[in-house]
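Analysis of the macromolecular model
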Amino acid sequence: MNTQLPLAVQLAPEFTLEDFIPGENAQLMDALQRLALGKEKQNLYLSGPTASGKSHLLMGLCASAQNDGLHCVYLPLKEIMPLSAELLQGMEDPDLLAIDDVQVLAGKKDWEEALFVLFNLRQTHGRPMVFSADRGPARLPLNLPDLRSRLGWGASYRLHPLDEAGLGELLRRQARQRGLEMDQAAIDWLLSRHSRAPRALLEQLEALDRAALITKKSRLTLPFVQQQLSP
């Protein structure tokens, strides 16, 4: 996907809002869709444990917004934190800004202050921001109380991780997008023997896709999956 993003950060092409399995997150999905269409100007804050799909949603939001003609920037703080906080200067211009893993800047004075300034600039111009973190804004160990207060503005959602059925559906959909059919027995084995983190599961599926291409298979059966992924 060719995107207008800083630092050559690319959106993972498989991470779209359409491909996210909502599970118990239907209300959150509706709010994200409204932001992507430019119908909502309110900030949004979503929290959830590791591997609950926060990055998927933020990248999917930007992909959807850009498809509808909005300029959206995705900032993965875990990746850009080693750089200067000056990176946030000029980020008041995009129509929509998605900032992932806000918890990693806690305690870093320059980053906290830069985000506070950016927040106020975007608020003045009516340009929404979407934040993700591993906890709610009130529990972030920030040194700048005013930033914690600002992050609490707007709508806040706690992301519910996918259950086993939802993860199975994710694998099945992603396999079909690659022109593959994945047997239920293979899905059950993968979920029982490997990480259930959506990103990790998709990495396993990518490996299976490469192997299927080499062997000219279109069906991911249990024996094939075991052969490719067993130690």
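Overview of the structure.

**Overview of the overall build of the protein chain**
- For the protein chain, the helix and strand inventory stands at nine helices and seven strands.
- Here the C-alpha radius of gyration of the protein chain, 19 Å, is about what a compact globule of 231 residues would show, namely 17 Å.
- Referenced to the eigenvectors of the C-alpha coordinate spread, the extents of the protein chain come out at roughly 55 × 35 × 35 Å.
- Residues counted as buried form 51% of the 231 residues belonging to the protein chain.
- Taking the intrachain contacts of the protein chain between residues at least 6 apart in sequence as the baseline, contacts between residues at least 24 apart amount to 74%.
- Split by element, the accessible area of the protein chain, about 11100 Å² in all, is 48% carbon and sulfur.

**As for the packing of helix 8 (residues 198-215) against helix 9 (residues 222-229)**
- Put simply, helix 8 and helix 9 touch, their axes get as near as 10 Å, and they point 110° apart. With respect to their mutual orientation, helix 8 and helix 9 come out roughly perpendicular. Where helix 8 approaches helix 9, its residues Q204, L208, A211, A212 and T215 are matched on the opposing element by F224, V225, Q228 and L229.
- For the contact of helix 8 with helix 9, a count of residues per class yields six nonpolar, three polar and no charged.

**With respect to the packing of helix 6 (residues 164-177) against helix 8**
- The interhelical angle for the contact between helix 6 and helix 8, taken along N-to-C directions, is 35°, at an axis separation of 11 Å. In this structure, helix 6 crosses over helix 8, and the sense of that crossing is right-handed. Mapping the contact onto sequence places L167, L170, L171, Q174 and A175 in helix 6 and P198, L201, L202 and L205 in helix 8.
- Split into classes, the residues belonging to the contact of helix 6 with helix 8 amount to eight nonpolar, one polar and no charged.

**Observations concerning the state of the cysteines**
- Enumeration over the complete set of coordinates arrives at one disulfide.
- For C62, the disulfide goes to C72, at an S-S distance of 2.2 Å. With the S-S bond torsion at -55°, the cross-link from C62 to C72 turns out left-handed. Linking C62 in helix 2 (residues 54-67) with C72 in strand 2 (residues 72-76), this pair joins segments that are ten residues apart in sequence. The same class applies to C62 as to C72, namely buried.

**Remarks on the side chain of N25**
- Its location among the elements puts N25 in the segment before helix 1 (26-36).
- For N25, a relative accessible area of 3% corresponds to the buried category.
- Residues in contact with N25, not counting those within four places in the same chain, are F20, R158, L159 and H160.

**Section: unusual backbone geometry**
- Even without being a glycine, D101 presents a positive backbone phi close to 60°.
- You can see D101 is positioned in the loop between strand 3 (96-100) and helix 4 (109-125).
- With phi around 60°, K216 is a residue other than glycine that occupies positive phi space.

**Topic: the environment of S149**
- Examined against the element boundaries, S149 turns out to sit in helix 5 (residues 145-151).
- Its relative accessible area of 38% is what places S149 among the partly exposed residues.
- S149 sits 130 residues away from D19 along the chain, and the two C-alpha atoms are 33 Å apart.

So, how was this worked out
Residues numbered from 1 in each chain as written. Predicted model: local features only at pLDDT ≥ 70, side-chain atom pairs only at ≥ 80, totals over all residues. Heavy atoms only, no water. Helix = DSSP H or I, 4+ residues; strand = E, 2+ residues; numbered from the N terminus. Rg over C-alpha atoms; globule rule 2.2 N^0.38 Å. Buried < 20%, exposed > 50% of the residue type's maximum accessible area, 1.4 Å probe, protein only. Contact = heavy atoms within 4.5 Å. Areas by Shrake-Rupley, 256 points an atom, 1.4 Å probe, with all protein chains shown as cover. Axes fitted to C-alpha atoms, helices over the stretch in contact; angles between N-to-C directions. Parallel < 35°, antiparallel > 145°, perpendicular 65-115°, else oblique. Nonpolar A, V, L, I, M, F, W, Y, C, P; charged D, E, K, R; others polar. Left-handed = near helix turned anticlockwise from the far one by under 90°. Disulfide = S-S within 2.5 Å.

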